[in-house]
Structures are given as C-alpha cells and as structure tokens.
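Read off the chains here:
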Amino acid sequence: MSPLLDLAGFYSSQFAIADEESIEITTNDGETVYRGRIDILVIQQSLWVLVIESKSSSFSLHKALPQALAYMLASPNSPKTTFGLITNGGEYRFLKLNHPNLPTEPPQYAPSSLFSILPPDDHLPTVLQILRRIAKMIAP
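Residues numbered from 1 in each chain as written. Predicted model: local features only at pLDDT ≥ 70, side-chain atom pairs only at ≥ 80, totals over all residues. Heavy atoms only, no water.

I tried to follow helix H3 (residues 124–138) on my own but got confused; where do I start?
Within an α-helix, residues lying three or four positions from one another point in the same direction, as the helix has 3.6 residues per turn. For H3, which comprises 15 residues, the first-to-last C-alpha distance of 21 Å matches the rise-based estimate of 21 Å (1.5 Å per residue) to within 8%. Within the sequence span of H3, burial applies to Val127, Leu128, Leu131, Ile134, Ala135 and Ile138. Burial along H3 is one-sided: seen end-on, the buried residues are contained in an arc of 125°. Residues of H3 that are exposed and point over 90 degrees away from its buried face: Pro125, Gln129, Arg133, Lys136 and Met137. (Helix = DSSP H or I, 4+ residues; strand = E, 2+ residues; numbered from the N terminus. Expected span 1.5 Å × (residues − 1). Buried < 20%, exposed > 50% of the residue type's maximum accessible area, 1.4 Å probe, protein only. Arc of directions from axis to C-beta.)

This is the structure we're talking about:
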C-alpha cells in the first residue's frame, strides 16, 4: 500500500498523515481460527485507508466496511465529502461519503466497484489513477 500512496503523491509535505490504532479481527472456518488486523491510516482527515492484514485470504473487504464508515462519519472537521479505501492487498474498494448539509439529512455513501490487482484482472493502473484523483481533490 505504501508504494501506491507514494506514487499517488500522498507522501509529499502538503498532506498530514496519521496512524490510528489497529483493530483485531478473527474468523472461524469450523476447524481453524484465523486472526488478522485492520490497520488504519488517515490523510488530511479526508481519506481513510483501512488495510486488512492477514495470512489468510478468507478476510473479505466487507469485514472493514462498517469500521471505515464509522471513522468517516466521526471524522472531526470533515469536509463535505470524505473518501475511504479498503484493501486486503489484492482487492481494493473505494468509498465516498457525503456528509449532510443539515442535521436532519442522513449521510450518504457509495462504494466503488471491486478492483483486483491480481492476474488476470490487474486493475493496478486504475487504482493508482483513482488515488491520484483523490489526492488532487483533497490537497490543501
């Protein structure tokens, strides 16, 4: 994930990056208990990156979706639109959350298509292009 963020320009001095505390996740397939972590990186309080780290590929991106939305909703001083990225290293899903203008309006989010960087799909150029576009949108 780090090389992609670097290529997209997020490691320049114009972006403030913070690490959040990791969250442990587990799943049980009936015989084995698999453990993993969701690591969280925040960029400009506008982009939340959640990385699922596990030795098992059984952790789908759906495990991190509620956590990503919770962080995006609770983001202090959040702009009108907040972005998220959930990845397990092979698959990537972007999130866009529009914060309400009025307290009576509900927030609305939309997930992107699922992008795989593994053969035969190899959506890596598309993932990098989306990250670069988000970087331009949230740059101070």
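Sorry if this is basic, but what is going on with the packing of aromatic side chains here?
Any aromatic ring pair is given by two values, namely how distant the centres are and how the planes are angled relative to each other. Scanning the entire structure with this criterion turns up 3 aromatic pairs. For the pair Trp48 and Tyr71, a centre-to-centre distance of 5.2 Å together with 20° between the ring planes defines the contact as stacked. One end of the pair, Trp48, is in strand S3 (residues 47–54); the other, Tyr71, is in helix H2 (residues 65–74), with 23 residues separating them in the sequence. No difference in accessibility class separates Trp48 from Tyr71, as the two residues are buried. (Phe/Tyr/Trp six-rings, centres within 6.5 Å; stacked < 30°, edge-to-face > 60°.)

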